[in-house]
Amino acid sequence: MKTSLRTKLIVAFLATVLIPLIGTGLYGNWITSQVLEARALDAAQADLRLRAGQIEGYLSNVHKDLLFLSRTDEMIAMLAASASGDAAEEETARSRLAATFAAFAATHPDTFQVRYIDATGQEIVRVDAGADGVEVIPPERLQNKADRYYFTAAMSLGPGEVYTSPVDLNREFGEIQIPYTPTIRYATPLFYEDGTRAGLIILNLYAEPFLRFAQTGEGSEALLFLADSSGWYLTHPDSSRTFGGPADLDTGLSLSSDYPDIWPTAFSDAGGVITSPPSSLWAAVMENLLPLGRLPASPDTGRVLVYQTVTAGGENGPTWLLIRDEPRVNLFSDIWEFRLGAIAILGVAASGAFLMAVLLARQLTQPLRDLTSGVRRLGRGVAGPPIPVRSSDEFGELAAAFNDMESALRRSLDRLRLLNQAGHHIAARLDVPAVLEAAGQAVQRLFPVSYVSISPPGSRPYTLGDPAWEAHRQTEAVQAVLRTATGRGNWRSAGLLPESGPAGYLCCAPLCVRGEFGLIELYGPSPELGAPTSGNLLSTLAVQISIALENASLYHQLAERRAELQALVEQLINAQEEERRIVAYDIHDSLIQMLVGARLQLRNFMADRTRDPEHAEKALQKGLNELGAAITEARRVIEGLRLATLDDLGLATTLRQYVGEVCSEWGVKLEIVVEPPILNLPPPVETAIFRIAQEAITNARKYSGTARLRVTLRHSDGTLTLEVRDWGKGFRVETMREGRGVGLTSMRERARLLGGECYIESIPGMGTSVRAVVPVPVQEGMR
């Protein structure tokens, strides 16, 4: 049987509520006790940490004061005078140091003695402070403290180290001072400039100002006391138990005798809590059932001991133990009060749980039904009305968010469909103006824009819309956004203030065409232009526009290339026919005439060899001469078509011979550079480079009027470079690109057919440079 969601919610809600209620009723005592006990213990521990921090803070200031006194000018002067041995100087320094000590004691009422003791233990300067004021002790009353424990301990320290003594009762001339004066001493060693020990400076302080932090007020049933590392009490509610160590009153009363169970472990960590349960069942019942009033402590009452270590004077100082001992019944008296309140609250909560479960289940299931219906409709791709928003709570927000999501999703799908159509429309254009026009139309369909500017690299910007927005493009803020978009290669958006033009938003994205960057910029008042969805959509459109612009550029270059190739083919055909005509004329006018003359002389020889042998001999010689001339002429014609020396001698040698002969006939100064090594080159490369050089030299001879010519042939890193440079008249290269200059075109095409380029540079009046660069595969052997 199918169980409805409403029933499940009611059951789940009741189970969720009733189980904690029952669990709280069964285990409330334990839970509440644990929480409140932990809180009470935390409060007690926090109180001890505060008191320990007050003691340590107080003594930290004493540590700083001592180091300050050891570095005063008067102390340094005293050490210098002692080292010099000058009695007058030493007396003067002693007086100045005594004045400094007196001033310090007057401003630090907790310090009752400031002393400078030399390395033998003799007091050199001593200032006492008391109720009657500050007194500088005369030399005859100064004592030797070499036998005191603090002198020996402090003299063993290094420079800058501070000795902190235990707290004990002050002694004068070996006897405990009456009334008892708990004292702590801070000492640091002094050194002469040569590093030898000069003595020490020591402060005697009343311990009472910081020991009061370890005392409680009157009427408190908690015992608060402070003990040193040997277990002797420094403070205790019972004053007769303090200072019971053998060095002081020697009463034998200590922490180890009063608390033998905690004494071995108390100093093992920084602090802790030790609880002892009630010693009898009756005491336990009284503690748990009657805690509403503060009960007096009894021997059977369980107790809680909270302890905290106190470090005085840093690493070299003593460690003390601060302990708070309080009856459990007083420390945890608030537990039962909370327990009664919790029971009342649980009862009220249980009585209303069922009604709340029914109401909430009804309110929760209906919005879920609406959401389920909307999700199924959206999954099928069926358009429909938005789901109803029945409340203003989270379910209402969820329903509204679902409606917004559905609306945004449908808008995104519509924009993607438009983007796809725009991409096809833009990609179908094969020239830059048509691409830009299609891109502008696509932007107007996809974005709420008022002005569009498309700046492709290498082309004029295309603008569309209200030109009033153009003023924003001149501001530094907008220029910074445009530079950022171009530099980072990603879309950027910004708000536009009304100072420079209409108020609104800018969204821009970079265009990248063959490694160069341009921009597409959208301006308008709609905040949608500043949203990330618009930026991402514009970036996608910018990629499609970039591809279309690159395709249009390639198509334009291809068309130009085809036109150039067509013109070159026509020119090459004409040049070929012209070359054939010239060869035919050469053969007819020279070679054929020479052969005809030779044949005539041979006929004369045949006719006269018997009749006139002498004349026949002359005819034969003339015929042979004519044949020799014909052979020479035939070789000249053949070399005009293909130089045999390229096959025999290679490009470098052939080029040297040819250039040398031409320049010799021409009468110009020649400079030819062929940088070794020149490797074996494929025949097509040798022929093309030679013909380029031949054409360049011929043009220079015909048109430049130069008196100097330089030919360079260089091979490096798989590249062969030929440069022909003259210093003649020069010309404008662009005029040769308007259908004229067959020789220049043929040089370029010869280089391109080999995978290279031919660069022609010329400035009127400064000469011309023809440089061909072609890749050359390395072959074995060298010429």
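Keep in mind it's a predicted model, so treat the numbers as computed, not measured. (Residues numbered from 1 in each chain as written. Predicted model: local features only at pLDDT ≥ 70, side-chain atom pairs only at ≥ 80, totals over all residues. Heavy atoms only, no water.)

Remarks on the overall build of the protein chain
Next up, step 1: In terms of regular secondary structure, the protein chain is built from 18 helices and 24 strands.
Next up, step 2: Taking all 783 residues of the protein chain together, the buried fraction comes to 40%.
Next up, step 3: Contacts spanning at least 24 positions in sequence make up 62% of the contacts within the protein chain whose residues lie at least 6 apart.
Next up, step 4: Approximately 42,200 Å² of the protein chain is accessible, and the part contributed by carbon and sulfur atoms is 57%. (Helix = DSSP H or I, 4+ residues; strand = E, 2+ residues; numbered from the N terminus. Buried < 20%, exposed > 50% of the residue type's maximum accessible area, 1.4 Å probe, protein only. Contact = heavy atoms within 4.5 Å. Areas by Shrake-Rupley, 256 points an atom, 1.4 Å probe, with all protein chains shown as cover.)

Structural notes on unusual backbone geometry
Next up, step 1: In this model, Ile-178 is joined to Pro-179 through a cis peptide bond whose omega is -5 degrees.
Next up, step 2: By secondary structure assignment, the location of Pro-179 is in the loop between β7 (175-176) and β8 (182-191).
Next up, step 3: Despite not being glycine, Phe-243 shows a phi value in the positive range, around 50 degrees.
Next up, step 4: Among the structural elements, Phe-243 can be located in the loop between β11 (233-235) and α6 (255-258).
Next up, step 5: Not every positive phi belongs to a glycine, and Asp-250 is a case in point at roughly 55 degrees.
Next up, step 6: Looking at where Asp-250 falls in the secondary structure, it is placed in the loop between β11 and α6.

Examining the sheet that holds strand β14 (residues 319-327)
Next up, step 1: Pairing within the open sheet is antiparallel, and its five strands lie in the order β11-β10-β14-β13-β12. Looking at the sheet topology across the chains shown, the edges are occupied by β11 and β12 (271-276). Within the sheet, the average angular offset between the axes of one strand and its neighbour, ignoring direction, is 25 degrees.
Next up, step 2: Sheet topology note: the strand β13 (residues 303-311)/β14 ladder contains nine bridges and is antiparallel. Along β14, the bridge assignment pairs Val-306 with Arg-324. (Pairing = 2+ DSSP bridges. Axes fitted to C-alpha atoms, helices over the stretch in contact; angles between N-to-C directions.)

Focus: the packing of aromatic side chains
Next up, step 1: Counted according to the given criterion, the structure contains eight aromatic pairs.
Next up, step 2: Note on Phe-112 and Tyr-206: the rings are 4.6 Å apart at their centroids and 35 degrees apart in plane angle, and the pair reads as tilted. Of this pair, Phe-112 sits in strand β1 (residues 111-118) while Tyr-206 sits in strand β9 (residues 197-206); the two residues are 94 residues apart in sequence, bridging distant segments of the chain.
Next up, step 3: Centre to centre, the rings of Phe-225 and Tyr-233 are 5.3 Å apart; their planes meet at 90 degrees, and the pair counts as edge-to-face.
Next up, step 4: What makes Phe-225 buried here is its relative accessible area of 0%.
Next up, step 5: Among the residues examined, Tyr-233 registers a relative accessible area of 0% and is labelled buried.
Next up, step 6: Aromatic rings pair up to connect Tyr-58, Phe-210 and Trp-320 into one cluster. (Phe/Tyr/Trp six-rings, centres within 6.5 Å; stacked < 30°, edge-to-face > 60°.)

As for the packing of helix α16 (residues 651-666) against helix α17 (residues 683-704)
Next up, step 1: One can describe the packing of α16 onto α17 by two numbers: an axis separation of 11 Å at closest approach and a directional angle of 10 degrees. When the axis of α16 is compared with that of α17, the two are roughly parallel. Here α16 runs over α17; the crossing is right-handed. Only Glu-686, Ile-689, Phe-690, Ala-693, Gln-694, Ile-697, Thr-698, Ala-700, Arg-701 and Ser-704 of α17 make contact with α16, whose side of the interface consists of Leu-651, Thr-654, Leu-655, Tyr-658, Val-659, Val-662, Glu-665 and Trp-666.
Next up, step 2: Of the residues contributing to the contact of α16 with α17, the split by class is eleven nonpolar, four polar and three charged. (Parallel < 35°, antiparallel > 145°, perpendicular 65-115°, else oblique. Left-handed = near helix turned anticlockwise from the far one by under 90°. Nonpolar A, V, L, I, M, F, W, Y, C, P; charged D, E, K, R; others polar.)

Some thoughts on the nonpolar core
Next up, step 1: Counting residues in each nonpolar core, the largest one holds 53 residues, and the members touching the most others are Leu-59, Met-75, Phe-101, Tyr-116, Val-167, Phe-210 and Trp-320.
Next up, step 2: No other element matches helix α1 (residues 5-70), which puts eleven residues into this core.
Next up, step 3: With sequence-adjacent residues up to four places away left out, Val-167 is seen in contact with Pro-182, Thr-183, Ile-184, Ala-207, Phe-210, Leu-211, Leu-234, Phe-243, Asp-248 and Trp-320. (Core = buried A, V, L, I, M, F, W, Y, C linked by side-chain atoms within 4.5 Å.)

A short note on the side chain of His-472
Next up, step 1: For His-472, the position within the fold is in the loop between β16 (462-465) and α12 (476-488).
Next up, step 2: Once residues within four sequence positions are removed from consideration, His-472 is found in contact with Val-478, Leu-496, Leu-497, Ser-500, Gly-501, Pro-502 and Tyr-523.

Some remarks on the pattern of salt bridges
Next up, step 1: In total, this model carries 19 salt bridges according to the counting rule given.
Next up, step 2: In this structure, the salt-bridge partner of Arg-714 is Glu-675, at a minimum N-O distance of 3.0 Å. On the criterion of sequence distance, the pair formed by Arg-714 in strand β21 (residues 708-716) and Glu-675 in strand β20 (residues 669-675) is long-range, its members being 39 residues apart.
Next up, step 3: For Glu-675, a relative accessible area of 31% puts it in the partly exposed group.
Next up, step 4: The network of salt bridges with shared partners includes Asp-47, Arg-51, Arg-324 and Glu-326. (Salt bridge = Lys/Arg side-chain N within 4 Å of Asp/Glu carboxyl O.)

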